Amino acid sequence: MEELIIEGSPKTPTIKFNPSTGHLLVSGRSIPENSIEFYKPLIDILESYNENSQSNTKVDIQLEYFNTSSSKCILDVFKKLEAINSGSSEVIINWFYEEDDEDMLEAGEDYQAIINVPFKMIEVEE
Amino acid sequence: MDSIHGFYDKMESGNIMLSFKGEVTSNLLTSVLQIMETKMENLSEPPKIKKKVYNILVECLQNLYHHIDEDDPDTIVDEKSALFMIKKSDEGEYSIMTGNYIAVENAEIMKNRLDKINEMDRDQLKTYYKEVLNNGEMSAKGGGGLGMIDIARKSGKKLEYNFDPIDDKVSFFSLNIKIAQ
């Protein structure tokens, strides 16, 4: 499986997923008007990765902003990761938030409450 | 020519940082967000305020972008046209004001939704958000009903709104989001 690399833009995050290391990175801003279309390649690759996953899958979510349209798609991504976690791979989701950004911490906690995958909340300096 | 000065004074005394009236397009959103970011950068706003205002602005503007109705030739108004204004009061409180036409039948739905949100406290909003996030269907426009809940959560204030009836088909929907400091 090929690595998925989507370069970031002012409205969309950088996405890197390497199926041979099991590392997923989502970083930057996610405020597109049409987020379903944007997240489709990631959902698709996670779907096929689930059939042939690494023993460990590490996910780094480093979002500065995301809109509510993206929040549904991020949940879909996490649901795929939940399926991978209940399969043959051990998944960890690292949720990064800048110090003082309570909204972003709370957003991470909302997902943590819904998704059955270990989350780690990581505070970073601005 | 007097009216230009009048407009200026009104915006100046109303502490309007930015305003726009017309059709809200994707490119416009990108530009407005960039302008507001630079403005807040220049004002050295604390990162916390900057992020809140930015986040709420994204939701408000994308609401206008997604939910504006097509122009109905049977009504006297142009449904595609909207208004938004961003204000910073002398006390430093930000508000985002939006105005747009809405079909009468949708106005009732919107009013009920806003009333429901306004009755909730912080924890209830959190629970409601998670519920809609997890169970709500994504609408064709991608919103899925989370926008207003998110705005209410992040602003920390009640959503002020008004519907002005134009005729039996259309109303003008005004929304004033104040952002708690």
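See above for the structure.
No experiment lies behind these values; they were computed from the predicted model shown.

Asker: Summarise the overall build of chain B; cite the residues concerned and give the values.
Answerer: From N to C terminus, chain B includes 6 helices and 5 strands. Secondary structure elements of chain B occur, N-terminal to C-terminal, as α-β-α-α-β-β-α-α-α-β-β. Taken against the 2.2 N^0.38 rule, which gives 16 Å for 181 residues, the C-alpha radius of gyration of chain B at 17 Å falls within 12% of a compact globule. Sequence separation of 24 or more characterises 63% of the internal contacts of chain B that already satisfy a separation of 6 or more.

Asker: Lay out the environment of lysine 88 of chain B with the relevant residues and their values.
Answerer: All names here are of chain B. When you line up the elements, lysine 88 lands in strand S2 (residues 81–88). C-beta crowding within 10 Å serves as the criterion here: with 20 such atoms nearby, lysine 88 is assigned to the buried category. Taking the C-alpha atoms as reference, lysine 88 lies 11 Å from leucine 43; in sequence the two are 45 residues apart. Apart from residues no more than four positions distant in its own chain, lysine 88 is found in contact with Asn15, Met17 and Tyr94.

Asker: Account for unusual backbone geometry, naming residues and giving values.
Answerer: Despite not being glycine, aspartate 100 of chain A has its phi angle at roughly 80 degrees, a positive value. Tracing the backbone shows aspartate 100 of chain A in the loop between strand S5 (90–98) and helix H3 (102–114). The residue asparagine 15 of chain B is not glycine, and still its phi comes out positive at about 55 degrees. Along the chain, asparagine 15 of chain B falls in the loop between helix H1 (2–13) and strand S1 (16–23).

Asker: Go over the nonpolar core with me, naming the residues and quoting the values.
Answerer: In terms of nonpolar packing, the biggest core is built from 58 residues, with Val77 and Leu81 of chain A together with Ile56, Leu57 and Cys60 of chain B touching the most fellow members. Top element by residues in this core is helix H3 (residues 47–67) of chain B. It accounts for 7 residues. Among residues more than four places away in sequence, those in contact with isoleucine 56 of chain B are Ile96, Ile151, Lys154, Ser155, Ile177 and Ile179 of chain B.

Asker: Mind laying out the sheet that holds S1 of chain B, listing which residues take part and the relevant values?
Answerer: Residue and element names in this part refer to chain B. With antiparallel pairing, the 5 strands of this open sheet are ordered in space as S1-S2-S3-S5-S4. Edge strands, defined here as strands with exactly one partner in the open sheet, are S1 and strand S4 (160–165). Between one strand and the next, the sheet's axes are offset by a mean angle of 10 degrees, whatever the strand orientation. Across 7 bridges, S2 lies against strand S3 (residues 94–103) in antiparallel orientation. When the bridges of S3 are listed, lysine 88 appears paired with tyrosine 94. Strands in contact with H3 are S2, S3 and strand S5 (170–179); relative to S3, the strand with the most contacts, it is inclined by about 10 degrees.

Asker: Which residues make up the sheet that holds strand S4 (residues 56–66) of chain A, and what values do they have?
Answerer: Residues and elements named next belong to chain A. Pairing within the open sheet is mixed, and its 6 strands lie in the order S1-S2-S3-S4-S5-S6. Each end of this open sheet is capped by a strand with a single partner; those strands are strand S1 (4–6) and strand S6 (119–124). For this sheet the average axis-to-axis angle between neighbouring strands, irrespective of direction, equals 15 degrees. For S4 and S5, the ladder comprises 6 bridges, and the chain directions are parallel. Bridge assignment links asparagine 56 to a residue of S5, and that residue is glutamate 90. Sitting on the sheet, helix H1 (residues 35–49) is in contact with S1, strand S2 (14–18) and strand S3 (23–30), with an inclination near 160 degrees to S1.

Asker: Any chance you could break down the interface of chain A and chain B for me, citing the residues and the numbers?
Answerer: With 22 residues of chain A at the contact, the number on the chain B side is 24 residues. Contributions of two or more residues to the side of chain A that touches chain B are made by H1, helix H2 (68–85) and H3 of chain A. Considering each element in turn, the side of chain A that touches chain B owes the most residues, 5 residues, to H2 of chain A.

What counts as what
Residues numbered from 1 in each chain as written. Chains lettered and ligands numbered in written order. Predicted model: local features only at pLDDT ≥ 70, side-chain atom pairs only at ≥ 80, totals over all residues. Helix = DSSP H or I, 4+ residues; strand = E, 2+ residues; numbered from the N terminus. Rg over C-alpha atoms; globule rule 2.2 N^0.38 Å. Contact = placed C-beta atoms within 7 Å. Buried ≥ 20, exposed ≤ 12 C-beta atoms within 10 Å, placed from the backbone. Core = buried A, V, L, I, M, F, W, Y, C linked by C-beta atoms within 7 Å. Pairing = 2+ DSSP bridges. Axes fitted to C-alpha atoms, helices over the stretch in contact; angles between N-to-C directions.

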